[in-house]
Amino acid sequence: MASNFSIKHQPGFTAIAATCFVVLYLPIIVLVIYAFNAATSTSEWGGFSLKWFQSAYQNTQVIDATLRSFQIGAIAAVLSTIFATMAALATTRTASYPGLTFKYAAINQPLMVPEIVTAVALLIFFSRIKIFTGYSGLGYLIAAHTAFCIPFAYLPIRARLENMDLTLERAAADLYATPWKTFRRITLPLLWPGILAGLMLAFVISLDDVVITEFVKSGGQDTLPTYMLGQIRRGITPEINAISTAFLLLSVAIVTLFFFVSRKRD
Amino acid sequence: MPDKPDRNAIEVVNVSKIFGSGEGQVAALDKVSVSIRENEFFTLLGPSGCGKTTLLRLIAGFDFPTAGEILLYGQDIAPLPPFKRPVNTVFQSYALFPHMTVADNIGFGLEMLGKPKAEIKARVAEMLKLVKMEALAGRRTGQISGGQQQRVALARALAPQPKVLLLDEPLSALDYKLRKEMQIELKRLQNETGITFIFVTHDQEEALTMSDRIAVMSSGKILQVGSPWDIYDKPAERFVADFIGETNFLTAAISDVGNGKARATLKSGATIEATVAEGFQPKDNATVVVRPEHAKLTKDKGDLSGTVENIVYFGTDTHIHVRLDSGEAFTVRQQNTRSAGFGFERDDKVGILIGNDAAQVLRD
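Keep in mind that this is a model prediction, so the values were computed, not measured.

Engineer: Would you mind showing me how to read the packing of helix α3 (residues 60-92) of chain A against helix α7 (residues 139-162) of chain A here?
Structural biologist: The description of two packed helices rests on the angle between their axes and on the distance between the axes. Residues and elements named next belong to chain A. Relative orientation of the contacting elements α3 and α7 amounts to 45 degrees, with a least axis distance of 6 Å. Overall, the two elements α3 and α7 adopt an arrangement that is oblique. Every pair of crossing elements has a handedness; the one defined by α3 and α7 is right-handed. In terms of residue class, the contact of α3 with α7 is built from 18 nonpolar, 7 polar and 2 charged.

In structure tokens, the structure reads:
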């Protein structure tokens, strides 16, 4: 009789684990397979074909939405990473004080407030600004994405900072480095993997967003996810599967890169 | 010991450092004054929490004194940030920059000072040679051993030719043999560079073997400053006598005080000559200390008498714990010789002879 409790040896463990994996991955596998369907159906197999990828590639609306997604994602990721880096430095390079926990909560607000609430709030808030300024460009989407990406960029950066030996900065100061030089030569290079990880995570989160984007976007400002949502309402063709598959590959690539970057220690 | 010039590199004047405020405030340093001479190997010795590291941090500039001045060759540096002080530190954890090579670590200080590239290169090469690390110049600091990291940390701190080098328990992470090696190495580096070293340690043996002078600290105060010989043989206070080496404390009646000497009449009735802690005028009764190796056992009547309680063999010597007739404990240390019998056993009645110039009257 085994002396240690092991969840693996409990009755039903294998069945539950298998069910979870099936529920998680089977729909995705089916989706990917039907992206290569020669027929127009997403449920009846009509032979192998790449025509839906080709059709998506030639669809200017898809390309347009993809480019917009990348544009918003890139700008929002860079901005939110800059803010997150500053926030992480300000919240770790200080002695603990009353109110610090509140600041953590404030920075991580988008993780706690339901997205739909933020979306409605932004919709109302931005519509006022639109009336006053007349501006209806991509700025609103970029601002909204930047805001909700901050906590995702913040977490890996803060984790990296907390693991950093403060004596290193002290040693640099001891060796005649001014505070700015210490930051440039010591803190920033050591923080870099955390910053890159934060940047990639923020980009993926922005790329994936539907709810806030759907509420904040003006006419003709579809991102890839909101475009897909719109298409599905009109009936599904394997083109959606093809777009989803391409999107999936991109996300997997970025997340894999994220793991490699954040695993790299010193 | 070579003659040291009398110029002071560092003068700490009435420095206090108070942490916290109100009820919870703690004086890590309490009006400390000390002068550290040029080219001296000066050690701050004391148990953890005595304020030695705080004093070092104030000299380095990582913290600022609540009151008092810290003079570097006469100029008050207490308010300056660390990067404006010509003082470098060897950290306990070494704090080598993990993203740079050994050579880049060593050159960092010079680079920050804006020295020309050629000069940095030459100086780094010189430093690598000084600490015998030429072969590993291109390595990352994570790829070298603890002892090698120690050498790089030393070279990095010495490269900008600081006026004073601060060493914060730099040997504590090394194993015994390596620590012994580095003690000699540090002494050599200090001789070769002629830089003033301020060394912080809680290890009395390290302090005795390496220092020109030692300051013994306790509870935020400096209790005694002197050569290792002074500190060991002429401790001024009970704490100093107790902290450094082993010792015997005896109560004695004091008479004939004068010329730094006095007569001490022990409880056994015997009278011995003792030196008196500097600047101290003893009253009738005082504590006298005698080091275990400055006393001798005898089968005849000695200055003290008692019964052998325990005998502990240490290889080079043997410690004999004696319970005196007066009830006090007394330890005698006797050098061992090969094959010769030791001559005493437990429960033997013994006498103890205290040599001339073996006793010191404490201030306490």
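Engineer: When you look at the sheet that holds strand β7 (residues 164-168) of chain B in this model, what are you seeing that I'm missing?
Structural biologist: By way of backbone hydrogen bonds, the strands of a sheet pair with one another, either parallel or antiparallel. Residue and element names in this part refer to chain B. A sheet is described by the order of its strands in space; here 6 strands give the open sequence β6-β7-β8-β3-β9-β10, paired in mixed fashion. In this open sheet, the two strands that pair with only one neighbour each are β6 (87-90) and β10 (221-226). Neighbour-to-neighbour, the strand axes of this sheet turn through a mean angle of 20 degrees, independent of strand direction. Note that β7 and strand β8 (residues 196-201) share 5 bridges and pair parallel. In the strand pairing of β8, Leu166 is matched with Ile198.

Engineer: Is there a simple way to think about the interface of chain B and chain A in this case?
Structural biologist: Note on interface size: it is often stated as the accessible area lost on association of the parts. Taken residue by residue, the interface counts 19 residues in chain B and 16 residues in chain A. Elements supplying a minimum of two residues to the side of chain B that touches chain A: β6 and α2 (102-112) of chain B. Top element by residues in the side of chain B that touches chain A is α2 of chain B. It accounts for 3 residues. Grouping the amino acids of the side of chain B that touches chain A by side-chain chemistry returns 13 nonpolar, 6 polar and no charged.

Engineer: Explanation requested: the environment of Leu208 of chain B in the structure shown.
Structural biologist: Of note, Leu208 of chain B is situated in helix α6 (residues 204-210). Residues Leu208 of chain B and Thr275 of chain B, spaced 67 residues apart in sequence, show a C-alpha to C-alpha distance of 21 Å.

Engineer: I'm lost on the domain arrangement of chain B in this one. Help?
Structural biologist: What the domain assignment lists for chain B is domain 1 (8-233) and domain 2 (246-361). Relative placement of domain 1 of chain B and domain 2 of chain B: their C-alpha centres are 39 Å apart.

Engineer: Would you mind showing me how to read the pairing of strand β3 (residues 41-45) of chain B here?
Structural biologist: Along any regular strand, the residues point their side chains to alternate faces of the sheet. All names here are of chain B. Most of β3 is tucked away, with 5 of its 5 residues classed as buried. Residues of β3 alternate between two faces, with Phe41, Thr43 and Leu45 on one and Phe42 and Leu44 on the opposite face, all of them buried. When β3 meets β8, the two strands line up parallel, connected through 5 bridges. Paired with Phe42 across the strands is Ile198, a residue of β8. By the bridge criterion, 4 bridges tie β3 to strand β9 (residues 213-218) in an arrangement that is parallel. Bridge pairing in β9 links Thr43 to Ile214.

About the cut-offs
- Residues numbered from 1 in each chain as written.
- Chains lettered and ligands numbered in written order.
- Predicted model: local features only at pLDDT ≥ 70, side-chain atom pairs only at ≥ 80, totals over all residues.
- Axes fitted to C-alpha atoms, helices over the stretch in contact; angles between N-to-C directions.
- Helix = DSSP H or I, 4+ residues; strand = E, 2+ residues; numbered from the N terminus.
- Parallel < 35°, antiparallel > 145°, perpendicular 65-115°, else oblique.
- Left-handed = near helix turned anticlockwise from the far one by under 90°.
- Nonpolar A, V, L, I, M, F, W, Y, C, P; charged D, E, K, R; others polar.
- Pairing = 2+ DSSP bridges.
- Contact = placed C-beta atoms within 7 Å.
- Domains from an automatic or database assignment.
- Buried ≥ 20, exposed ≤ 12 C-beta atoms within 10 Å, placed from the backbone.

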